[in-house]
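Here is what each chain is made of, one letter per residue.
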Amino acid sequence: MRPTTRRPTRLCSVAALAAALVCVGAVGPYGGLGTAFAGLGVLALAAGLGVNSRPLVTLGPLALFVGAVVAGARDAPVLATLLAIVAAVLAYDFAATGIDIGAQLGREADTRRLELVRLGTSSFVGVATGGVSYLVYVLGTGGRPLSAVVAMLLAVIILFVALRRQTPTG
Amino acid sequence: MSRRYYYLGGLVLFVVALAELFAPGVLGLPFGNITAGLVAVAALLYGLVVVQSRRDQAVTRTETPDVELTRPTTVPGERLRDVLNTFPGVTTSRRSDARIGLRGAVVATLTQYGEYTESEAEAAVREGTWTDDPVAAEFVAGVDSGRPVRDRIRSLLGRESYDQHERTVDALLGVAGIRAEETTTAEFPGDFEETTVDPSPREATGALTLGRRRLTRHWLGVGIVALVCLGVGVLTRSPAVLLGSVVGIGYVAYARAHSLDDPGLTIERTVEDADPEPGEEVEVTVRITNDGPELLADVRLIDGVPESLAVSEGSPRRGTVLRPGESETLSYTVTATRGHHEFGPALVLVRNLPGSVEREVYLRDETTIECSPSTRPIQRSVPVRNSVTGLPGQIETETGGSGITFQTIREYQPGDPLSRIDWNYRARTGELATVDFQQQRAASVVVLIDVRETAYVGPSPDAPNAVERSVAGAAQVFERLLDDGNLVGIAAMGEADCWLAPGTGNAHRERARKLFGSSPALSPSPPESGRTSDWLRQLRQQLDPGTQLLVFSPLCDPGTVRIIRDLDARGFPVTVISPDPTGSRTAAQKLFTLRRRLTLTALRRASIPVMDWQPETPLEALFRGRQS
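The rules behind each value
Here, residues in each chain are numbered from 1, in the same order as that chain's written sequence. To label them, take the chains in the order written and letter them from A, then take the ligands in the order written and number them from 1. With the structure being a predicted model, the display of local features is reserved for residues of pLDDT at least 70 and the display and counting of side-chain atom pairs for 80 or more, all residues being used for whole-chain, interface and lining totals. Think of it this way: any DSSP run of H or I at least four residues long counts as a helix, any run of E at least two long counts as a strand, and we number them from the N terminus. With C-beta atoms placed from the backbone, a residue is labelled by how many other C-beta atoms lie within 10 Å of its own: buried for 20 or more, exposed for 12 or fewer, partly exposed between the two. Two residues form a contact once the distance between their C-beta atoms, set from the backbone, is within 7 Å. UniProt positions are given in the numbering used here, feature names are shortened, and annotations may be inferred rather than shown by experiment. For helices, the fitted line uses only the C-alpha atoms of the stretch in contact; every axis is such a line through C-alpha atoms, and the angle between N-to-C directions lies from 0 to 180 degrees. Crossings are classed by handedness, with left-handed meaning an anticlockwise turn of the near helix from the far one by less than a right angle and right-handed meaning a clockwise turn. Asp, Glu, Lys and Arg are counted as charged, while Ala, Val, Leu, Ile, Met, Phe, Trp, Tyr, Cys and Pro are counted as nonpolar; the rest, among them Gly, fall into the polar class. Note that domain bounds follow an automatic or database assignment of domains. Arc, as used here, means the arc of the directions from the helix axis to the C-beta atoms. Pairs of strands are assigned from DSSP output, requiring at least two bridges between the strands. Each residue carries a pLDDT score, the predictor's confidence in it, ranging from 0 to 100.

Within an unreviewed UniProt entry, the label attached to chain B reads DUF58 domain-containing protein, and the organism entered is Halovenus carboxidivorans.

A. Structural detail: the overall build of chain B. A count of helical and extended segments in chain B gives 17 helices and 20 strands. When each of the 628 residues of chain B is scored for burial, the buried share is 43%. A fraction of 74% describes how many contacts in chain B between residues 6 or more apart in sequence connect residues 24 or more apart.

B. Summary view of the overall build of chain A. Summing up its helical and strand segments, chain A has 6 helices and 0 strands in all. The helix and strand sequence of chain A, counted from the amino end, reads α-α-α-α-α-α. Scored against the burial criterion, the 170 residues of chain A give a buried share of 56%. For chain A, long-range pairs separated by at least 24 residues make up 73% of all intrachain contacts whose partners lie at least 6 apart in sequence.

C. Spatial organisation of the UniProt feature "transmembrane region" (unreviewed entry) in chain A. Per the UniProt entry, the sites bearing "transmembrane region" (unreviewed entry) are residues 35–51, 56–73, 79–95, 116–139 and 145–163 of chain A in this numbering. Secondary structure across residues 79–95 of chain A comprises 100% helix and 0% strand; the distance between its end C-alpha atoms is 24 Å.

D. Just the packing of helix H4 (residues 98–113) of chain B against helix H16 (residues 587–605) of chain B, in detail. Residues and elements named next belong to chain B. Axis separation between H4 and H16 bottoms out at 11 Å; the angle between their running directions is 35°. Note on packing geometry: the crossing formed by H4 with H16 is left-handed. Where H4 abuts H16, its residues Ala105, Ala108, Thr109 and Gln112 lie against Leu591, Leu594, Leu598 and Thr601. Tallied by class, residues from the contact of H4 with H16 come to 5 nonpolar, 3 polar and no charged.

E. A look at the UniProt feature "transmembrane region" (unreviewed entry) in chain B. Here the UniProt feature "transmembrane region" (unreviewed entry) sits at residues 5–23, 29–51 and 219–236 of chain B. For residues 219–236 of chain B, the end-to-end C-alpha separation is 27 Å, with 78% helix and 0% strand making up the annotated structure.

F. Region of the structure containing the domain arrangement of chain B. According to the domain assignment, chain B contains domain 1 (1–30), domain 2 (92–176), domain 3 (261–364) and domain 4 (392–441). The straight-line distance from the C-alpha centre of domain 3 of chain B to that of domain 4 of chain B is 71 Å.

G. Region of the structure containing helix H15 (residues 559–569) of chain B. All names here are of chain B. Those residues of H15 lying buried are Thr560, Val561, Ile564, Leu567 and Asp568. The buried residues of H15 all sit within an arc of 135° when viewed along its axis, so they share a single face. Exposed residues pointing more than 90 degrees away from the buried face of H15 are listed as Gly559, Arg562 and Ala569. Gly571 sits one or two positions beyond H15 and adopts a positive phi of about 90°.

H. Structural view of the sheet that holds strand E17 (residues 495–503) of chain B. All names here are of chain B. Across the sheet, which stays open at both edges, the 6 strands sit in the order E17-E16-E15-E18-E19-E20 with mixed pairing between neighbours. Of all strands in the sheet, those bounded by a partner on one side alone are E17 and strand E20 (610–613). Neighbour-to-neighbour, the strand axes of this sheet turn through a mean angle of 15°, independent of strand direction. Of the pairings in the sheet, the one linking strand E15 (residues 444–450) to strand E16 (residues 487–493) comprises 7 bridges and is parallel in character. Note that in E16 the partner of Val447 across the bridge is Ile490. Relative to the sheet, helix H13 (residues 506–518) contacts E16 and E17, its axis offset from that of E17 by approximately 155°. Together, E16 and E17 form the strand contacts of helix H14 (residues 535–542), whose direction differs from that of E17 by roughly 15°.

I. Summary view of the confidence of the model for chain B. All names here are of chain B. The predicted model of chain B averages 78 in pLDDT, with 83% of residues at 70 or higher. Segment residues 182–191: pLDDT under 50, and 12 contacts once partners within four positions in sequence are set aside and those in other chains are kept. Overall fold confidence for the complex sits at a pTM of 0.71, while the interface term, ipTM, reaches 0.88.

J. Here's a closer look at the UniProt feature "domain: DUF11" (unreviewed entry) in chain B. Summarizing the sequence annotation, UniProt attributes the feature "domain: DUF11" (unreviewed entry) to residues 265–327 of chain B in the numbering used throughout. This span, residues 265–327 of chain B, is 0% helix and 56% strand, and a straight line between its end C-alpha atoms measures 9 Å.

K. Molecular detail of the sheet that holds strand E4 (residues 281–290) of chain B. Residues and elements named next belong to chain B. Strand order across the open sheet formed by 4 strands is E3-E4-E8-E6, with antiparallel pairing between neighbours. Edge positions in the open sheet fall to strand E3 (265–271) and strand E6 (310–313), since each of these has one partner strand only. Averaged over all neighbouring strand pairs, the angle between strand axes comes to 40°, with direction disregarded. Of the pairings in the sheet, the one linking E6 to strand E8 (residues 327–335) comprises 3 bridges and is antiparallel in character. Paired with Glu313 across the strands is Thr333, a residue of E8.

L. Main features of the environment of B:Val241. Here B:Val241 is to be found in helix H10 (residues 239–257). Residue class for B:Val241 comes out buried when judged on the 29 C-beta atoms lying within 10 Å of it. For the pair B:Val241 and B:Gly546, spaced 305 residues apart in sequence, the C-alpha separation works out to 93 Å. In this structure B:Val241 touches A:Val69, A:Gly72, A:Ala73, A:Thr81, B:Cys229, B:Val232, B:Gly233 and B:Thr236, once residues within four positions along its chain are discounted.

Written as structure tokens, this is what we have:
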């Protein structure tokens with residue numbers, strides 16, 4: 001008779017750390033503040049998985065994301081920046097999923113199939129959206145007029161407000 | 001309604017942006033650098049709103065019960081105040097009253113044990129002569145107005161120290177002659193998550209009950225990725241960051257794209273052996289099937305293992321994915337223990353693909369394990385009282401007659417059997433004399449087991465509770481009493497439905513085994529619904545005059561004394577066997593030990609035999625030297 005080990009599942013934890021390392025790897029070569037943020041993010045994420053803390057595994061990837069944005073703003077290539085952003089989101093998703101499954105089912109239960117599907121679909125969404133935006137970048141004309149970007153920005157904000165009025169999930 | 005306009009406006013702008021992107025200047029948009037900067041700042045501010053909402057609304061998930069574990073045994077004496085209130089003449093309400101309560105407890109104990117009258121006890125408390133411990137003496141004496149002001153203020157502020165309580169309780173145990181030893185029982189590992197049955201089922205169709213539906217908020221705040229990327233991207237003119245917003249939008253859309261329909265699920269549960277011996281490992285196999293038309297991308301199953309059974313191998317939990325029509329099987333092993341164990345509904349948590357919505361589902365498949373131990377009779381005869389029936393048996397009575405043990409020689413009376421005439425006496429004196437033996441008679445005994453809520457307690461969280469020990473002991477005693485030719489029956493204190501009238505014979509023995517093994521009334525864990533309150537009246541009606549009662553009770557409820565004395569006075573001689581459920585980790589637990597000891601003493605003063613049954617002691621040892 002032993003109680004359930006309600007800790008983050010191993011598969012998800014490993015995947016989350018791997019995603020975080022990918023983020024650091026993509027941002028790392030461009031140095032400076034971005035790398036520092038990303039490094040902090042990995043540490044926070046690892047600590048969060050270690051002590052089973054949902055706030056830490058949220059803050060860690062947030063730091064990773066900030067690192068990616070800083071690096072992108074400081075002339076990191078588009079592909080590396082996109083990769084880092086996707087990896088940061090995935091690091092959060094994997095870690096939070098691992099904590100949830102760990103809390104509800106524990107480490108003793110067989111959860112491999114569930115985890116693999118979750119890891120797969122989330123990664124797919126990231127790769128697909130990242131790919132689409134990279135495609136837009138490659139296909140777009142060299143000029144990238146500011147007016148287009150601003151219009152896009154307004155469109156997104158308006159859509160966001162609309163979505164948030166619907167349900168508080170996004 | 002307004003949402004639709006937002007959507008429309010957003011979409012139009014999006015198309016415009018795309019047009020501008022691929023054919024710059026065609027539409028002649030009036031957006032310059034200043035507008036861009038303002039909008040970017042707006043995006044970042046809105047990002048703050050999103051972050052704030054994330055901070056306000058914590059992530060939710062359904063907590064799952066600890067089905068693997070058996071419910072930990074409650075150790076009596078959880079709060080000092082509650083124990084104090086059970087002492088005669090003590091009522092406390094606030095925390096600062098503990099001193100007054102303890103004083104009452106001291107007086108009650110002194111009058112019971114120390115040969116004090118009530119006024120002498122009061123005086124001893126005032127003068128502090130009742131104990132050698134100056135701290136305890138001063139603490140209890142301090143109730144009077146004569147104590148220092150500083151002390152009174154401390155008491156008013158509720159600042160009595162825990163140490164003072166502890167010392168006083170230890171001193172009290174000293175008065176009562178109870179050794180205050182520290183037990184080294186291990187704490188229960190981790191917290192126990194109660195097994196819950198859905199409090200408000202929304203829809204129940206057959207075996208499936210739909211529970212709560214909730215948003216997990218797993219993806220709440222992912223919009224920050226889009227907004228920050230847009231704002232920073234525009235402000236810094238960085239295409240790389242700007243493009244990152246597409247990723248953010250992608251995840252927001254993903255989180256909302258999938259709704260969650262009511263799932264169609266069934267389970268089928270089989271147990272390898274529904275009627276095992278105690279200690280046997282029983283394999284439980286659960287098969288869950290997706291009967292619905294939809295793919296269930298996230299299925300988390302927690303089987304409803306009975307609270308009274310522990311999982312010994314494998315896990316009753318599974319996380320999986322179920323395509324329409326697909327099933328999955330999991331199996332685990334439980335260790336059988338005595339009793340009637342009913343499986344609860346399996347809890348299934350279904351989430352949609354992104355994991356943003358969660359639905360509780362309860363799946364029922366009636367399954368029970370009934371474990372009736374075959375009990376070996378106790379090796380010593382049971383010390384029952386001297387109330388017998390007319391039937392021959394093993395209990396030696398005061399009345400002379402035929403039997404085995406010599407009692408006396410008396411003058412011959414016509415009609416005495418020839419076999420009992422003392423021929424040696426006749427040869428010596430020439431007169432007839434008759435030998436009287438102690439007559440051996442059978443008794444009619446009802447074993448009465450305390451199953452009230454207060455009896456589900458034990459000395460440590462992992463020890464068996466008093467009801468478990470009572471039932472195990474009662475089963476042994478029952479066998480022996482039956483072997484000795486007595487009429488034996490069974491009843492439960494606190495539950496009218498559990499009744500087996502005194503009887504003999506093998507069919508009766510079999511019925512009793514069934515009852516001990518699997519009667520829900522004698523369940524190893526406390527009942528969820530209340531017991532019938534009318535059990536006492538019904539019991540008195542069912543008992544034949546002169547029937548003895550062998551009561552198994554931990555005597556945790558001081559009111560038990562009244563019940564037992566009442567039964568005894570109505571001509572049902574009572575013997576009490578009391579499994580000791582007391583722990584000694586805290587002051588409150590120690591005080592409870594003392595309170596129970598007072599209860600025992602009160603019963604003994606009423607000439608009712610009480611045997612205090614310690615946890616490690618076999619019943620044989622308890623009965624040694626107690627033969628009546």
